[in-house]
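Examination of the molecular architecture
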Amino acid sequence: MLRGRAEEQSAIDRLIADSRTGKSAALVVRGEPGIGKTALLDYAAASARGVRVVRGTGVESEAELPFAGLHLLLRSAFDRMDTLPDRQREALRGAFGLAPAEPGDRFLVGLAVLSLLSELAGDVPLLCLVDDAQWLDRASAEALLFVARRIEGEGIVLLFAARDGDRTFPAPGIGEMRLRGLDGRAADQLLAEYGGGLDVRTRERILAETEGNPLALIELPALLAAERPGGSIRPGPVPLTSRVQEAFHRQVATLPEATQTLLLVAAAEDSRDLDVILRAGASFGLSVADLQPAERAGLVALRDGSVGFRHPLVSAAVYHGAPLSLRLAAHAALAGVLDGPERADRRAWHLASATTGPDERVAAELERTAERAGGRSGHAAAAAYERAAQLTTDPEAMTRRLVLASEAAVDAGEHDRARALAERAARRTPDPMLRARLGQVRASAEFAQGNLRGAHVLLTEGAASIAGGVPGRAFWMLMEACHAAWFLPLDRELIAASIDQLGILELPPDDPLMSLVWLLRWDTAMAIGRGTEGFPALPEVIAAARDAGRAGGPRGLVSITGCALLVGQDAVACELSAGLVAESRTQGAIGWLPSGLTYLAEAELFLGRHRQAVVSAAEALRIARDTGQRQWASHAGGVTAYLAAVEGEEERCRAAADEVLAESARSGGVAVSWAHWALALLDLGRGRVEAALARLESLSQGPSRHQIPGVRSAPDQVEAAVRLGRQTAAEAALEPFEEWARRMRQPWIDALVHRCRALTGPDDAAERDYERALHLHERDSRAFEHARTRLLFGEWLRRARRRTEARPHLRAALEVFERAGAVPWAERARTELGAAGAPAPRGREADVFVRLTPQELQIVRLAGNGLSNRDIAAQLFLSPKTVAYHLYKAYPKLGVASRTELAALAGV
C-alpha cells in the first residue's frame, strides 16, 4: 500500500485509462533516491489490468554500453521483430548484437522501437516502465525519448523514473511529475509501521531529517537499532542517500560471505542474467543456493531467469561496499564467461573494469567495441575509444585513439567532451593530418556554441596544413569555413579571403569541385562588392554544381541547396531538397531530414506553394526538436513564423518568432533574419506599415543584410516606404535589389523589380511596369507574389478612376489569397474590390484543406495517393496507429468517410 500518494496514483490511473481508448502519453517521474519513484512504477504495473506491461531499468555500470537499457526493456518482444520494415528490423537487430551493425542514422533505431511498441499495442494497450532512467546508456535514452515525443494514437503509456543528482535524465518536451516527501501524517504512519520501538525524541528527529523520504523512513530505524540499542541517532550531518545505503550495507554484511560474493557478481553484471551470474560465480565455487539467504532477507528476487535487487541502492551498497580486489575479480570472472560475438562488447567492458593499468590486449578489444558502436552510438564509441586510449602503452596508438574518441564525441553531439579530447590529442602529435582532423572536431564544437569566427580560424588553418596532401578533405573544410564566414555578421574581407583561399588547392578547371567554387563566388560576389564579369554562366554553374553536390552525399546536397537559394535558383533548390528528403526517408536517415525539409519549405514558399511549405516546415521543426538539432529547429521555426504571417495568424507567428529570437539571439544567424522578416510581413499585412518599415529597414541595413531574408525582403520594404510616402527610402531599398536582379537574370526577380518600379516611378510609367511585371509572372508563376502584384495594380487603377479595369485584377488576387488562407491580404483585396464599385463578395470558403493541421494535411495527401497506413508511417517516421488517428480526425473536417472519397476530393 502506498501512503500519501493519492494524487500521483490518480494521475497514473488516468493515463492507463486513456490508453484503453487508444490515447498515448509519456511521463517522467522525478525525485531524490528513495522518494517512491519505483513504488509508483510498481503501482502502475499492478493497476494495469488488461494492459501489456514491459519493464526495464538503467544500470550505472552499463551507462557506456550502447542499447543495453533498451535490450533489457524489449528482450521479451524479440519475437515480434520480424513484423518490422526491413531497414528498421536490421537496425534494431544490429543494435542488440543479433546481427552485424551497419553504420547509419542512429535515429533509425528509435523509429524501429516506435514500430515495435506500436506492434505490441496492436491488440491491447501497452505500458512501458523504465526505472533509473538517469543510468540509461545514451543510445537507449535517445531511442526512447524519440518514441516518447512521437506516440499519439497507439494506446501506449511510457513511464520513466529518474533520480535527481549529478547525472540526470534530460527529457525536454515530455511531461513531468516531481515527487516530494510524504506529508506529516503519511510519514508518521509509515514510521510507526517500521519503527515502533523508537523513543519520541528519535522519532521526531527521524521525521525532521528524512523530510518524508519513504525509503529512509523504512530503513533508518533498523540502522539505528543496529548502531545503538537505545535507538538514538548518530550525530553529525550525513547525506540521506548515504545513510540509506549504509543501512542496506549493514544488512548485506550480516549475510554469509559466499552470498555476499555472489551478490557482488550480480551487482557487477548489469544484464542481471542469472545464467551468466552463476557461471561467473562458479569460478569462486559458488552456486544458486548461495543466493537463498539474500532472497530470504528480501534484498533480491529471482524471476524469469534474472536477479532483481530490491532497490538500486541495494546494488550500490553491495558493489561499493566490497573491497577493490574482489570487485576486480568479479569483473574478470564475468569477462571469462561472456563468450560469443553478441557478447563481445560486454566482455570488453568487464575486462576494462578488471584492469588497473595499461594493457594493450584489453585496449584493442575496446577499440573493436568502439568500431562496432560507431554505427549505433557516437557516445558509446567515444567512451570506448577514450578508455582504450587510457589502457594503451604505445604513444602513437594512444593519440590515434584519442582522435577517434573526439570524432565520435562530435557525432554524438557531445561538443565539450569532443573539444577536451581533441585538445589532449593535439598536444601529443605534430602530424598535420591528425591535427587537421582535430581542428575539424574543435570547429564543430565552436559552431555548436555559436563561435563561428573561432570555427572559421580552425578550419582554414587545418585545411591549409593538408591542402597539398589531402586536397579533397581540405576542400570540404574550406567550404565549411566559407559558410561560417557567410553566416557571421557581414564581414566582406573575411568572406573574400575565405573564397580566395580555395585557390590554394589549385584545382584544375575541369575538376567537378570547381563548379562549387564558382557557385560560391556567384553567391558572395554582390555581398563583397565584386563583379561577375568573366564568371561562367550561372545556369551552367548550377547544372555542374548539382552533380558535384550529389557526389558529396547528404552534406554536399545540403550545401548546394543552400547555395542555390542564395542565387535565386528556387526550382533547383526544390528539386535537390526534395531528392534529399526522399532519399533520407528511403534510407531511414532521419538526421538529414531537418536540413532537407527546411530548405524544401523555403523553396516551396518562394515558389508560391504555401500549403506544401507549411507541411515541410512543420515536419522539419518537429524532427529537428526530436533529434536535438537546434540550428535547424530555429531555422525551420523562422520559416514557420513567416508562413503564419502570410496567413495573418498573429498569435502563431509571434510565438514562433519569439521562440527563434530567444533561442538564437546571441548567435544570430539566418533564423533570426527569418523571424524579423516574418514579423515585418505580419505588420505589413495587418496595416501596421510604420512598424513593418522599421523592421525591414533594420533587416536590410543590419549585419545580416547579405542573407536571404535581407535580400528578398526588399519588395516588402519598397511597398511599406511608398505607402508611408517615403519616396527616397523606397528608392534606396530598390537599388540593391535591382543590382541583384541584374546579376541573377530570372523572370520572377525581374517581375518584382518592375512591381517596385511601378510603385516608385512616375505615374505615366507605372502602368507599363505593372503590365511588364504581370507578363513576367506568367513565365514563372509564383501565385502569392503574382496576386500581390495584381492587388497593387488593381489599387493603382482604382485610384486612377479606372474601376472597371481594376476589378479583374482585384478578383484574381482575392481568389488566390482566399485559396491560400492569406486572410489579411484577402481582406485588403475585398475592401479594394468594394471601393472599385463591385459588390464586396462574401468571404469565399477557404480551401477545405486549410482546416487541417500540417501533419493531418501531409497524411491526407499520402493516403489520397493510395498509400497504406503502414507505408505512410514508414515515410513520416510515425507509427501506423498514429497515421490512423490523424486520418480519423481529418475525415470529418473534409466531409469524407473513406479513402475512396478522399482520393476523389480535389486538391489531394
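Keep in mind the model is a prediction, meaning the values are calculated, not measured. (Residues numbered from 1 in each chain as written. Predicted model: local features only at pLDDT ≥ 70, side-chain atom pairs only at ≥ 80, totals over all residues. Heavy atoms only, no water.)

What follows is about the overall build of the protein. Along the backbone of the protein there are 46 helices and seven strands. Relative to the globule expectation of 29 Å for 908 residues, the C-alpha radius of gyration of the protein, 32 Å, shows essentially globular dimensions. Across the 908 residues in the protein, those meeting the buried criterion constitute 56%. Intrachain contacts of the protein at a sequence separation of at least 6 include 67% that bridge at least 24 residues. (Helix = DSSP H or I, 4+ residues; strand = E, 2+ residues; numbered from the N terminus. Rg over C-alpha atoms; globule rule 2.2 N^0.38 Å. Buried < 20%, exposed > 50% of the residue type's maximum accessible area, 1.4 Å probe, protein only. Contact = heavy atoms within 4.5 Å.)

Another aspect to go through is the side chain of R272. Mapped onto the secondary structure, R272 falls in the loop between α11 (257-268) and α12 (274-282). Filtering out sequence-adjacent residues up to four positions away, R272 remains in contact with V59, A266, A267, I277, G305, S306, V307, F309 and S315.

So, on to the sheet that holds strand β5 (residues 175-178). On the basis of which strands lie adjacent, the open sheet formed by five strands has the order β2-β3-β4-β1-β5 and parallel pairing. Either end of the sheet is taken by a strand with one partner, and the two such strands are β2 (52-57) and β5. Across the sheet, the mean angle separating the axes of adjacent strands is 20° when strand polarity is ignored. Sheet topology places strand β1 (residues 25-31) next to strand β4 (residues 156-163); seven bridges connect them, and they run parallel. Residue G31 lies in a different strand from β4, and its bridge partner there is R163. Sheet strands in contact with helix α2 (residues 37-47) are β1, β2, β3 (126-131), β4 and β5, and its direction is about 165° off that of β3. Across the sheet, helix α5 (residues 107-120) is in contact with β2, β3 and β4; its angle to β3 comes to roughly 130°. (Pairing = 2+ DSSP bridges. Axes fitted to C-alpha atoms, helices over the stretch in contact; angles between N-to-C directions.)

This paragraph deals with unusual backbone geometry. Even without a glycine there, the phi angle at D304 is positive, about 50°. In this structure, D304 sits in the loop between β6 (300-303) and β7 (306-309). Judged by its relative accessible area of 79%, D304 falls in the exposed class. Although it is not a glycine, R801 sits at a positive phi angle of roughly 65°. Relative to the helices and strands, R801 is located in the loop between α40 (783-799) and α41 (803-820).

Here the focus is the pairing of β1. Along β1, seven of the seven residues are buried, which leaves the element largely enclosed by surrounding structure. Here β1 shows a buried face lined by A25, L27, V29 and G31 and a second buried face lined by A26, V28 and R30. When β1 meets β5, the two strands line up parallel, connected through four bridges. In the sheet register, V29 faces β5, and the bridge partner there is M177.

Formed by 193 residues in total, the largest nonpolar core has its most connected members in V113, F169 and F817. Looking at which element gives the most residues to this core, the answer is helix α33 (residues 670-685), with 12 residues. Excluding anything up to four places from it in sequence, F817 contacts F784, A787, R788, L791, A822, W825, A826 and A829. Within the second largest apolar cluster, 37 residues are counted, among which are W349, A352, A388 and L404. (Core = buried A, V, L, I, M, F, W, Y, C linked by side-chain atoms within 4.5 Å.)

Counted under the stated rule, the structure contains 62 salt bridges. Residues D339 and R279 are paired through a salt bridge, measuring 3.5 Å at the closest nitrogen-oxygen approach. Of this pair, D339 sits in the loop between α15 (324-337) and α16 (344-353) while R279 sits in helix α12, placing them 60 residues apart in sequence. Judged by its relative accessible area of 31%, R279 falls in the partly exposed class. (Salt bridge = Lys/Arg side-chain N within 4 Å of Asp/Glu carboxyl O.)

With that settled, consider the packing of aromatic side chains. Taken as a whole and judged by the stated rule, the model has 18 aromatic pairs. Aromatic pair W522 and F535: ring centres 5.6 Å apart, planes at 85°, arrangement edge-to-face. Here W522 is found in helix α25 (residues 513-525), whereas its partner F535 is found in the loop between α25 and α26 (538-551), with 13 residues between them in sequence. Cluster of aromatic residues (ring-pair linked, three or more members): F606, Y642, W674 and W677. (Phe/Tyr/Trp six-rings, centres within 6.5 Å; stacked < 30°, edge-to-face > 60°.)

Bringing the side chain of S577 into the picture now. Within the secondary structure layout, S577 lies in helix α28 (residues 570-587). In this structure the side chain of S577 is engaged in a polar contact, spanning 2.7 Å, whose partner is the backbone oxygen of A573. Not counting chain neighbours up to four residues away, the residues in contact with S577 comprise T561, G596, Y599 and L600. (Polar contact = N/O pair within 3.5 Å; in protein donor to acceptor, adjacent residues only side chain to side chain.)

Interhelical geometry of α26 versus α28 gives an angle of 15° and a closest axis separation of 12 Å. Put simply, α26 runs roughly parallel to α28. Where α26 crosses over α28, the two elements pack in a sense that is right-handed. Contacts between α26 and α28 involve I542, R546 and R550 from the first element and V572, E575 and L576 from the second. Classifying every residue of the contact of α26 with α28 gives three nonpolar, no polar and three charged. (Parallel < 35°, antiparallel > 145°, perpendicular 65-115°, else oblique. Left-handed = near helix turned anticlockwise from the far one by under 90°. Nonpolar A, V, L, I, M, F, W, Y, C, P; charged D, E, K, R; others polar.)

Moving on to the environment of R347. Position of R347 among the secondary structure elements: in helix α16. Owing to a relative accessible area of 25%, R347 belongs among the partly exposed residues under this scheme. Each C-alpha atom of the pair R347 and K37 lies 32 Å from the other, and the pair is 310 residues apart in sequence. Apart from residues lying up to four places away in sequence, R347 is in contact with A335, G336, L338, R361 and E365.

What follows covers α2. Taken together, the buried positions of α2 are K37, L40, L41, A44 and S47. Taken around the axis of α2, the buried residues stretch over an arc of 130°, which confines them to a single face. (Arc of directions from axis to C-beta.)

With that settled, the discussion passes to the packing of helix α30 (residues 610-626) against helix α43 (residues 854-864). One can describe the packing of α30 onto α43 by two numbers: an axis separation of 9 Å at closest approach and a directional angle of 115°. In terms of axis orientation, α30 runs roughly perpendicular to α43. Two packed elements cross with a definite hand, and for α30 against α43 that hand is left-handed. Between α30 and α43, the residues in contact are R611, Q612, V614, V615, A618, E619 and R622 and P854, Q855, L857, Q858 and R861, respectively. The residue inventory of the contact of α30 with α43, partitioned by class, reads five nonpolar, three polar and four charged.

All right, on to the pairing of β7 then. When β6 meets β7, the two strands line up antiparallel, connected through four bridges. Following the sheet pairing, L302 is matched in β7 by V307. Once β6 ends, the chain turns through two residues before running back antiparallel as β7, passing D304 with a positive phi of about 50°.

Another point: the confidence of the model for the protein. Averaged over every residue, the pLDDT of the protein is 87; the share at 70 or more is 94%. For the stretch residues 229-238, pLDDT sits under 50, and the model shows 22 contacts to residues farther than four places along the chain or on other chains. (pLDDT = per-residue confidence, 0-100.)

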